[in-house]
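Tertiary structure, described
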Amino acid sequence: MRCGAGIDARMVDELAINIDPIQAGGRLTADAMKAVIAYGDGYSVCDNCRKPNRLDYITKPPIAEFHKDLAAWLNMDSARVVPGARRGFQAVAHTYAKKGDPVLLTSLAHYTEFLAIEEAGGIACEIPANDRYIVTADAAATKIEEIKKQYNQAPVLLFIDHVDYQYGNVHDVRGIAKVAHQYDIPVLYNGAYTVGIIPVDGKSLGADFVVGSGHKSMAAPAPSGVLAATAERAGEVFRTTAITGDVTGRMFGIKEPEMMGCTLMGVTLVGMMASFPHVKERVKHIDRELENAGIVHEALLSIQGTKILSEFPRKHTLTRIDTTGSFDTVAQSHKKRGFFLSSELNEKGVAGIIPGATRVWKFNTYGMTREQATYLAQVFVSIAQDNGLAIA
Ligand SMILES: *Cc1c(COP(=O)(O)O)cnc(C)c1O
C-alpha cells in the first residue's frame, strides 16, 4: 500500500507494541483520526469565523469553549493553542527576556527551552540536578543567588520541566516556584510529559504558565500544544497588537503578536479537541499505567546486570535504563553487534527502540493494555535467555 509521491503507508502502531518514549502519549484516538479526515483542508476551522476574528472566538466547531475548558482543566485562567510546546516557550521567553537577561532552566531541560532563550537573546543558566537526577528548591535558590552576583540582576524567567525527558523523574515544581516567586521570577511549568498523562493543577503548583504538548502527551496531531497563563500574566504574553501601517493606517484589533494572530487552523486543533474528552479521562488512570510499567521493570531488573537509572518508585511511564552490564555484553560478540536487540524486539512485535542501542536507552509503556505489558516483559526476558544472559 502506498500513499503516492513515494510515501509508504506507515504501520508502526498497527503492527507492533511501540515503546518509543516520545510517541506513546501522542498516538491519536479514533475520534482524532476522524477529525483529521474531516478537517484536513487548510483554514478549515475558519468556515464560521465571525467578528472579532480570532481563532479562540470561533464557536462552530466549539473552539472557544475548548479554550475555556483547557484553561479550567489545567486550573489556569486563560489558554491558547500553539504549534508545539516549543512555541509556547518561545512566546513566553520573547515576552520576558531581553538581550543579556539571565533565564533559568535546569541541567535536565529540553533543548527547545534553550532555543527559545537564545532567540530572545537571553542567557541560559542551568540549575544543576543532584546526584539522583532530581532538581530541588535548594538548588534553585543557590543558583538564583549565584546569578544575582554574576549578572547584578535576578533571572527574568524560570523554566521547570515537571517530568524531565531524560529520566522521566518528577521534580519539585511547587518548591522551586515558591523560591522563584520570592524574587518575582515568573515560572513556566513545562508539562510536555505531563499535560494529558497525569492531572496537572497549574495554580496549586505555583505556575504562572503551563505548557503542554499535543503531539507528545495529548493524543493530538503535530504540531500542537497548549500555553495557559494566570490572569496576572495573561495580559503580558497574550497582549494584543499595537502596530499601525504607515500608508494605510491599518490596525489589527485583538490579534496577539506572540501568537502571530491565529495558531492551529485545521487538523491539529480539531484533532486535539476530539481527543480531549479521552485525555481528560485517561489522566485519572495513571496508576494503571504505572502498574503496567512495573511489570516491565520487574522483568528487566531480573536480567542480571541491568540497572534502571530513573527514580524509584516510578511516577511516570518514561524510564531510562542501563543495559551495559547485560544486553551490551551480548552485543560485543553478536554478529549483528548492537543491532541484535532492536532487531529481536522487532521480530517479536516491539517497535520504538533506537536501532543499535544496548547501553543507555529509554522506553515508555504508556497506553498499553495489561496483556501487552505482560507480553513485553516476557519478550525482554526471552531475548536475554536466548542470548545466554542470567535471569535472577
Ligand atoms: C518533547 C518535549 C518538548 C518539545 O515538545 P514539542 O511539543 O514537540 O515542542 C519540550 N520539553 C520537553 C521536556 C519535552 O519532552
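Our subject in this report is the structure included herewith. Keep in mind that what you see is a predicted model, and the values were worked out from it rather than measured.

So, on to the site of the ligand. Around the ligand, 14 residues are found, and the nearest of them are Ala85, Arg86, Ser213, His215 and Lys216. In this structure, an oxygen atom belonging to the ligand sits 2.8 Å away from a main-chain N or O atom of Ala85. A distance of 2.7 Å separates an oxygen atom of the ligand from a polar atom in the side chain of Ser213. In the complex, 96% of the free accessible area of the ligand, which totals 390 Å², lies under the protein chains. Only helix H3 (85-96) and helix H8 (214-217) provide two or more residues apiece to the shell around the ligand. The element contributing the most residues to the shell around the ligand is H3, with three residues.

Taking strand neighbours across the sheet as the criterion, the three strands line up as E11-E12-E14 in an open arrangement whose pairing is antiparallel. With partners counted over all chains shown, the strands left at the sheet margins are strand E11 (307-308) and strand E14 (360-364), one partner each. Both strand E12 (residues 318-322) and E14 contribute to a ladder of five bridges, which runs antiparallel. Considered in E14, the bridge of Arg320 is made with Lys362.

This part takes up the packing of aromatic side chains. One pass over the structure, following the stated rule, counts nine aromatic pairs. Relative to Phe340, the ring of Phe327 has its centre 6.3 Å away and its plane inclined at 55°; by these criteria the two rings are tilted. You can see Phe327 sitting in helix H12 (residues 327-333) and its partner Phe340 sitting in helix H13 (residues 339-347), a full 13 residues away along the chain. Each member of the pair, Phe327 together with Phe340, is buried.

Time to look at the pairing of strand E9 (residues 209-213). When you tally the buried positions in E9, you get five out of five residues, the bulk of the element. In E9, alternate side chains face the same way, and those of Phe209, Val211 and Ser213 on one face and Val210 and Gly212 on the other are all buried. Across four bridges, strand E8 (residues 187-191) lies against E9 in parallel orientation. What sits directly across from Leu188, in E9, is Phe209. Looking at chain direction, E9 and strand E10 (residues 225-229) are connected through five bridges and run antiparallel.

Parameters and conventions
Residues numbered from 1 in each chain as written. Predicted model: local features only at pLDDT ≥ 70, side-chain atom pairs only at ≥ 80, totals over all residues. Heavy atoms only, no water. Near = heavy atom within 4 Å. Polar contact = N/O pair within 3.5 Å; in protein donor to acceptor, adjacent residues only side chain to side chain. Areas by Shrake-Rupley, 256 points an atom, 1.4 Å probe, with all protein chains shown as cover. Helix = DSSP H or I, 4+ residues; strand = E, 2+ residues; numbered from the N terminus. Pairing = 2+ DSSP bridges. Phe/Tyr/Trp six-rings, centres within 6.5 Å; stacked < 30°, edge-to-face > 60°. Buried < 20%, exposed > 50% of the residue type's maximum accessible area, 1.4 Å probe, protein only.

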